[in-house]
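In case you want the letters, here they are:
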Amino acid sequence: MSTMNKPHDQWESYHDIDRYGKLTLSNIEFTTTNLCNMRCAHCAVGYTLQTKEAAAIPSEEIIKQLDRVDTLRVMSFTGGEPLLTKRGIREHLLPLLKYAKSRGIKTQINSNLTLPMSHYELVATYLDVMHISHNWCDEREFVETGFAMMEQKPSFDKRAALYRNIFDNARALSKGGMFVSAETMLNRNTVPFIQKIHDEVANEMLCKRHEIHPMYASDFASALDVIGLDEYRDVVNQIIASRNEDIWILFGTLPFYPCSTDARDQALLTRIRNASNITIRNDVDGRSRMNVNIFTGDVSVSDFTDDGAALGNIKTASLEGIYEKWLSTNISSSINCHCPAVKCLGPNIIVKNMYYPTTDFKSGAVQSVGASY
Ligand code: SF4
């Protein structure tokens, strides 16, 4: 009898294909603050961070829009640091978290986990996933990289104390029953330390899941070295070989696809398919997910907004209308290939541009598991 365990990933876009037969708006990410107590070198939204919060759209108005999206099943909250101020938690987060709970919608908050425990206690009852980043080789690297873009930095000791908070908070929240999921982005800085980072996530932070994603050169992260596909494949194999099997490993935005004609990619995908407690997530952005900024009402798709233009605004259009408009754009079609045999929904746009700029991904290229065209 097989003992393979594949945990159910609530954020997987393919659940919508299984249920509705097509890409569906089921996932909304909210930007609920532009404030943060850190200024990481690799922050994906570093250029948007501010020191004073603007007025937000009232939660009741946002909820009216959400009421119209029958297919909504997951919501995420990001920033900045969504849990930075208790006022922000009470005014912006809690109404949406309570609303989600009342509809059975699963929720995730992206936090740097450096704050006093009382901030986390305010949301614990309503939250399904506490998502954190762990890209730190050690305390010194956190102290330097985590505040790289800050002009007036706190003292070394104060920054170091925040690093220890991450470990203490993760452990305490995990012990209290919260699902804490740590994400590590693979780049030239993290790859040499990936085993140490994984061991910390599993054994010291007691996280339930370790997410592994690529780091791509964009915005604040443009100065950081991305790694090539050969190195990426090697490090994924290394992680699988030396992982703690008790913790779920989720490969997000994995830059290897079932249509690959490279035998090494196929071997890796087979290895993942046959491993307990390891899953691959189809990229959600632009497939099941759009982002709503609660201050401006702008709706966007992460990774597709380099020109700063929103797809629409919830003050003037419905979320589903904006989503349908998005699906009809050339840029959306350019990455939305689909192979039902392997439940693959194609590459992330940045990954495609970075690793496969000339590849023409064709829907239906893979007709059965393990067979490429
Ligand atoms: S859906 Fe696209 S990326 Fe995935 S296997 Fe098919 S052609 Fe390749």
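Here is what the cut-offs are and how they apply
- Residues numbered from 1 in each chain as written.
- Predicted model: local features only at pLDDT ≥ 70, side-chain atom pairs only at ≥ 80, totals over all residues.
- Near = placed C-beta within 6 Å.
- Nonpolar A, V, L, I, M, F, W, Y, C, P; charged D, E, K, R; others polar.
- Core = buried A, V, L, I, M, F, W, Y, C linked by C-beta atoms within 7 Å.
- Buried ≥ 20, exposed ≤ 12 C-beta atoms within 10 Å, placed from the backbone.
- Contact = placed C-beta atoms within 7 Å.
- Axes fitted to C-alpha atoms, helices over the stretch in contact; angles between N-to-C directions.
- Helix = DSSP H or I, 4+ residues; strand = E, 2+ residues; numbered from the N terminus.
- Parallel < 35°, antiparallel > 145°, perpendicular 65-115°, else oblique.
- Left-handed = near helix turned anticlockwise from the far one by under 90°.
- Pairing = 2+ DSSP bridges.

An unreviewed UniProt entry lists the chain under the name Radical SAM/CxCxxxxC motif protein YfkAB, from Metasolibacillus meyeri.

## Topic: the site of the ligand
The environment of the ligand is formed by 14 residues, the closest being Tyr257, Cys259, Cys337, Cys339 and Cys344. For the shell around the ligand, the per-class residue count stands at 11 nonpolar, 2 polar and 1 charged.

## Looking at the nonpolar core
Counting residues in each nonpolar core, the largest one holds 87 residues, and the members touching the most others are Val123, Met130, Ala170, Val180, Cys207, Ile249 and Met290. Apart from the residues lying within four places of it in its own chain, the contact partners of methionine 130 are Ile109, Ser111, Leu173, Met178, Phe179 and Val180.

## Examining the packing of helix α2 (residues 59-67) against helix α3 (residues 86-103)
Remark: α2 packs on α3, axes separated minimally by 10 Å, with the N-to-C direction vectors making an angle of 30°. By the angle between their directions, the pair α2 and α3 is classed as roughly parallel. Taken as a pair, α2 and α3 cross one another with a handedness that is right-handed. On α3, the residues that touch Ser59, Ile62, Ile63 and Leu66 of α2 are Pro95, Leu96 and Tyr99. Here the residues of the contact of α2 with α3 sort into 6 nonpolar, 1 polar and no charged.

## Brief notes about the environment of serine 300
With respect to the helices, strands and loops of the structure, serine 300 is situated in strand β10 (residues 298-300). For the pair serine 300 and threonine 51, spaced 249 residues apart in the sequence, the C-alpha separation amounts to 23 Å.

## Concerning the pairing of strand β3 (residues 106-110)
Taken residue by residue, a regular strand's side chains alternate between the two faces of the sheet. Here β3 lies mainly inside the structure; 4 of its 5 residues are buried. Two strands pair when backbone bridges link them, and strand β2 (residues 74-78) and β3 are joined in this way by 4 bridges, in the parallel orientation. Bridging from a neighbouring strand, serine 76 pairs with glutamine 108 of β3. Pairing between β3 and strand β4 (residues 129-133): 3 bridges, direction parallel. Bridged to asparagine 110 within β4 is histidine 131.

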